[in-house]
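Fold and geometry: a report
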Amino acid sequence: MPVLRPLHTGWTVRAAAAAPPGDTLLVAGAVPVAGPLPATVPGCVHTDLLAAGAIPDPFLDDNEVRLHWIGRTPWLYETVFDADGITGDRIDLVAEGLDTVATVTLNGTEVGRTANQHRGYRFDVTGLLEPTGNRLSVRFDSAYDYAEHVRDTLGSRPNAYGEPFQYIRKMACNFGWDWGPTVVTAGIWQPIGLHAWSTARLARVRPVVTVTGSTGRVEVRADLERTADAPLRLTATVGGVTAAVDVPAGALEASVVVEVPDAELWWPRGYGAAKLYELRVELTGGTEPLDTWTRRIGFRTVALDTAADADGSRFVLRVNGEPVFVRGVNWIPDDAFVTRVDRARYAERIGQGVAAGVNFLRVWGGGRYESDDFYDVADELGVLVGQDFPFACAAYPEEEPLGGEVAAEAREQVVRLMPHPSLAMWVGNNENIWGFHDWGWPAELDGRTWGEGYYLRVLPGIVHELDPTRPYWPGSPYSGDPAIHPNDPAHGTMHIWDVWNTHDYRHYATYRPRFVAEFGFQAPPAFATLRRAVSDEPLTPQSPGVAHHQKAIGGNDKLARGLQGHFPPVTGIDDWHWATQLNQARAIAFGIEHFRSLKPLCMGTVVWQLNDNWPVTSWSAVDGDGRRKPLWFALRRVYAERLLTFQPHDGAPAVVAVNDTPDPWHAELDVRRLTFDGTPRAKVTVTVAVPAGGAVTVPLPPEVATPDNPAAELLIADLPGDRATHFFAEDVDLTYPHPSAAVTATRADDGVDLHITAHTLLRDLAVFPDRVTPTATVDRQLLTLLPGESVTLHVHGTTETDPSAWSTRPVLRTANDLTTH
């Protein structure tokens, strides 16, 4: 059997001279960074310098701006290792990921150069190893230097952020984004080691998984690399079924088909179990085992329905033939330093999405091809994934050296990810086709290439060739036809960004989209997150640290404008923080409820965004420290499989019941019109009968739908575990009572139970336990209580039982207290 030896210990890093590597020190300002320093592999230079105490934390205050020199500096990683006992016909140095412009040297001999973070590399080092004392060096030249050289050679092209990210195959958001820091990393970011093998190995394995009737079928297509022309045998086992084929001497390709009768299907969340099978592939020569490959797969079909209809053309994701309404979120790298994101962190963050009702993650194109850990978690949880190819918000050159790198990375990554049943679709890019049409690119490009060839020819060709079981879509947004505007709401996918940038969130109601792949609204992170990251005294919405942790151009002005027409002007950090977080939750809930009420015209909403990669004011539902914003609690309600919402119908509010489950939904509910003091004004009992996967609108009689006093009345519809509300005016025009409640706190096994009884109407009741204990969390937020109603909230991670700690601002908040003082 082959020998695999990781090379993850004994590494050091130091700043290298421009050329050749020497013993000089780099000077950043007045602070020398001496070397060598201990290094972690896999890892990156920023985290190594941070661990050594050589730099301050770039996530705190404005430290980031004083650390940009790191990305313009060459770095040298070195280790010394022994190789005794490693034997084989061939010995390869396998580097699964180098970030990015690397020269690899073993015992003084250069074995390879790289310029693509998104690829893995294999270097033949047979004959270069000594039994002991082997020196492995990896020099990383500045990504800036490389990118700027490519730009100057091929010609400048437009992008959204003024950094040269489109001229190098590296995570674009490394260069900063409107939610992320500029931390241009370098380092050995994936595993590295020696692979000794003989006779032959499995160079590439492609499992083409299909389902016909109740039979699951896997065609295993294997590419071989050889050191001998001996006959071989390829064997595949899945679901208790084994099949094998003989491979003739010298053959470099082989395939074997395994059919599993009565295969259990893999289903997305809400439709059935996410059944996984282990697939094991073995290569043998006679009786000698030569190589093995093991992955988990799922039997399922996936397709995009884009047929024309009376409203334009559909965009419906079908899994195992069933249409799925996508309740999605956009996913960005969960840390600016991605090597800090391990399997447990993926499970926590994706689990937070699932707990909010999410069934789809879109891996955004300014980041990375996500890891197998990410996809393993998605596979297990039944979460569908749309993976963008990493192109975002820029015109990308198609000439060399980039064209060949793009094709090579795409081939590698399509094959790597194809075993995962959660991967539902490939998307060519983020906003680049839209950018070419609407952002003035043609004049600036003056005929130069911009990426169209990648999105319409190269990438779809590779997906079709290597993984024909999955759909490909050229871009996000994209209409499906070059003759139709790429962001046409009636066709394909669209992004909605006039809301947030220029329009009030009520503008969502003017759209009738087929599938919304991006829409979002900003808010600051949890207060404990903000306070950890920013040391400003006093802390204000305009203080320098708060401003630095707002990367969107004009972001805080847009936050303020977004409050207009909803709330009175706010002053002070506490009211600003609560009002903007509440407004974010309201905005996204408003949009989702509208879009879901259009079902089946609209068949997907993908919120921008689930997560952050550092502590920042952004569009996220979960902040950079992993704390849930009020938006997360709003998502949990409006992304429920069964949703009850009030929507305008013929000039009056009506009840819309949306059913994403595969079962019919029958319910009776009382719809009440009440005054803010709880006095009943009108009531009707309605029956909702919603077919599986359907939506039904139930008009209300005028005596219920029409208020006597719009400023002091509301509609309520209750179902077990859920309450839908409708207010007849915006908060600024409502005559809320001053909020009043009785609060008691009692110890529970893992925290504290808060018992809250409303003395008045309490709208959007929220408790912020991180204001009491930074690590504490609460189970519910954004509840509306009528006078006399009670609720018990569970706070995990605190022992504080003094009611006064929980009963006043800024810990206990309501919408009322933003308009009454």
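Everything discussed here concerns the structure shown above.
Residues numbered from 1 in each chain as written. Predicted model: local features only at pLDDT ≥ 70, side-chain atom pairs only at ≥ 80, totals over all residues. Heavy atoms only, no water.

1. Some remarks on the sheet that holds strand E21 (residues 253–260)
What links the strands of a sheet is backbone hydrogen bonding, and the strands pair in either a parallel or an antiparallel sense. Quick note on the threshold: Here, strands pair whenever DSSP counts at least two bridges between them. A run of H or I in DSSP counts as a helix once it spans at least four residues, and a run of E counts as a strand once it spans at least two, with each numbered from the N terminus. To define axes, lines are fitted to C-alpha atoms, for helices over the stretch in contact only, and angles between the resulting N-to-C directions are given on a 0 to 180 degree scale.
Read across the open sheet, the 3 strands follow the order E17-E18-E21; overall the sheet is antiparallel. The two strands at the open ends of the sheet, each matched to only one other strand, are strand E17 (200–212) and E21. On average, adjacent strands in this sheet sit at an angle of 20 degrees to one another, irrespective of strand direction. Pairing between strand E18 (residues 215–226) and E21: 8 bridges, direction antiparallel. Its bridge partner lying in E21, Val220 is registered against Val256.

2. What to know about the packing of helix H3 (residues 343–355) against helix H4 (residues 372–381)
The relative placement of two packed helices is expressed as an angle between their axes plus a distance between the axes. Here is the rule: Put simply, angles under 35 degrees are roughly parallel, angles over 145 are roughly antiparallel, angles from 65 to 115 are roughly perpendicular, and the rest are oblique. If you view the pair so one helix is near and one far, a crossing is left-handed when the near helix is turned anticlockwise from the far one by less than a right angle, and right-handed when it is turned clockwise. Contact criterion: two residues are considered in contact whenever any of their non-hydrogen atoms come within 4.5 Å of each other. Gly is put with the polar residues, along with every residue not named as nonpolar or charged; the nonpolar set is Ala, Val, Leu, Ile, Met, Phe, Trp, Tyr, Cys and Pro, and the charged set is Asp, Glu, Lys and Arg.
At a minimum axis distance of 9 Å, the contact between H3 and H4 shows a crossing angle of 40 degrees. One element, H3, and the other, H4, form an angle in the oblique class. Helix-helix and strand crossings are classified by hand; for H3 and H4 the assignment is right-handed. From H3, Arg343, Tyr346, Ala347, Ile350 and Val354 reach across to H4, where they touch Asp373, Phe374, Asp376, Val377, Glu380 and Leu381. Taken together, the residues of the contact of H3 with H4 break down into 7 nonpolar, no polar and 4 charged.

3. Regarding helix H8 (residues 452–466)
Rule in force here: Here, expected helix span is obtained from the residue count minus one, scaled by 1.5 Å. Throughout, the bend at a residue refers to the angle made by two axes, fitted to the seven residues ending there and to the seven starting there.
The end-to-end C-alpha distance of H8 is 21 Å, a good match for the 21 Å that 15 residues give at a rise of 1.5 Å each. Along H8, the helix axis deviates most sharply at Val458, where the bend reaches about 30 degrees; the proline Pro460 sits within four residues downstream. Structurally, H8 contributes buried residues whose contacts are with E17, helix H5 (402–417), strand E32 (423–427), helix H6 (432–438) and strand E33 (472–473).

4. Notes on the pairing of E17
Pairing geometry for E17 and E18, over 12 bridges, is antiparallel. Counted as the bridge partner of Arg206 is Arg221 from E18. The antiparallel pairing of E17 with E18 creates a hairpin that spans 2 residues between the two strands, and Gly213 there sits at a positive phi of about 65 degrees.

5. Here we look at the packing of helix H12 (residues 555–563) against helix H13 (residues 573–597)
At a closest axis distance of 10 Å, the pairing of H12 and H13 adopts a crossing angle of 75 degrees. Between H12 and H13, the interaxial angle falls into the category roughly perpendicular. Contacts between H12 and H13 involve Asn556, Leu559, Gly562 and Leu563 from the first element and Trp576, Ala579, Thr580 and Asn583 from the second. Of the residues in the contact of H12 with H13, the class split is 4 nonpolar, 4 polar and no charged.

6. Things to note about the environment of Tyr369
Where we set the bar: Pairs of N or O atoms within 3.5 Å make up the polar contacts considered here, provided that, within protein, one atom can donate a hydrogen while the other can accept it, and that residues adjacent in sequence are counted only when both atoms are side-chain atoms.
Among the structural elements, Tyr369 can be located in the loop between strand E30 (360–363) and H4. The residues touching Tyr369, leaving out its near neighbours within four places in the chain, are His118, Gln387, Phe389, Pro390, Glu409, Ala410, Gln413, Arg416 and Trp426. One polar contact links Tyr369 to Glu409, side chain to side chain, over a distance of 2.7 Å.

7. With respect to the pattern of salt bridges
In plain terms, the rule: The working definition used for a salt bridge is a side-chain nitrogen of Lys or Arg within 4 Å of a carboxyl oxygen of Asp or Glu. Exposed residues in this analysis have more than 50% of their type's maximum accessible area, buried residues have under 20%, and partly exposed residues fall in between, with area computed by a 1.4 Å probe over protein chains only.
This model, assessed by the stated rule, comprises 62 salt bridges. Glu148 is the salt-bridge partner of Arg72, the closest N and O atoms lying 2.9 Å from each other. With Arg72 in the loop between helix H1 (45–51) and strand E6 (75–81) and Glu148 in helix H2 (residues 143–154), this residue pair connects regions lying 76 residues apart in the sequence. Taking the relative accessible area as the measure of exposure, Arg72 reaches 42% and is therefore partly exposed.

8. Structural notes on the side chain of Glu713
In this structure, Glu713 sits in strand E42 (residues 713–719). Its relative accessible area of 2% is what places Glu713 among the buried residues. Reaching out from Glu713, the side chain makes a polar contact with the side chain of Arg673 at a distance of 2.8 Å. A distance of 3.3 Å separates a polar atom in the side chain of Glu713 from the backbone nitrogen of Asp708. Residues in contact with Glu713, not counting those within four places in the same chain, are Arg673, Leu674, Thr675, Phe676, Arg681, Pro707, Asp708, Phe727 and Phe728.

9. What to know about H2
It helps to recall that an α-helix has 3.6 residues per turn; residues three or four apart then point in one direction. Here H2 spans 16 Å end to end across 12 residues, near enough to the 16 Å set by a 1.5 Å rise per residue. Within the sequence span of H2, burial applies to Ala143, Tyr144, Tyr146, Ala147, Glu148, Val150 and Leu154. At its buried positions, H2 is contacted by strand E9 (101–106), strand E10 (109–115), strand E12 (134–141), strand E13 (175–177), strand E14 (180–182) and H5. The distance from a side-chain oxygen at the start of H2 to the backbone nitrogen of Tyr144 is 3.1 Å, and the residue carrying that oxygen is Ser142.

10. Considerations on the nonpolar core
For clarity, the threshold we go by: In this text, buried Ala, Val, Leu, Ile, Met, Phe, Trp, Tyr and Cys residues form a nonpolar core when linked through side-chain atoms within 4.5 Å.
Within the largest apolar cluster, 169 residues are counted, with the highest numbers of intra-cluster contacts made by Phe389 and Leu635. Looking at which element gives the most residues to this core, the answer is H13, with 11 residues. Those residues in contact with Phe389, other than ones at most four positions away along the chain, are Gly365, Tyr369, Ala410, Val414, Trp426, Val427, Gly428, Asn429, Leu459, Val463 and Tyr472. With 38 residues, the next largest nonpolar core counts Phe81, Ala95, Ala102 and Ile192 among its residues.

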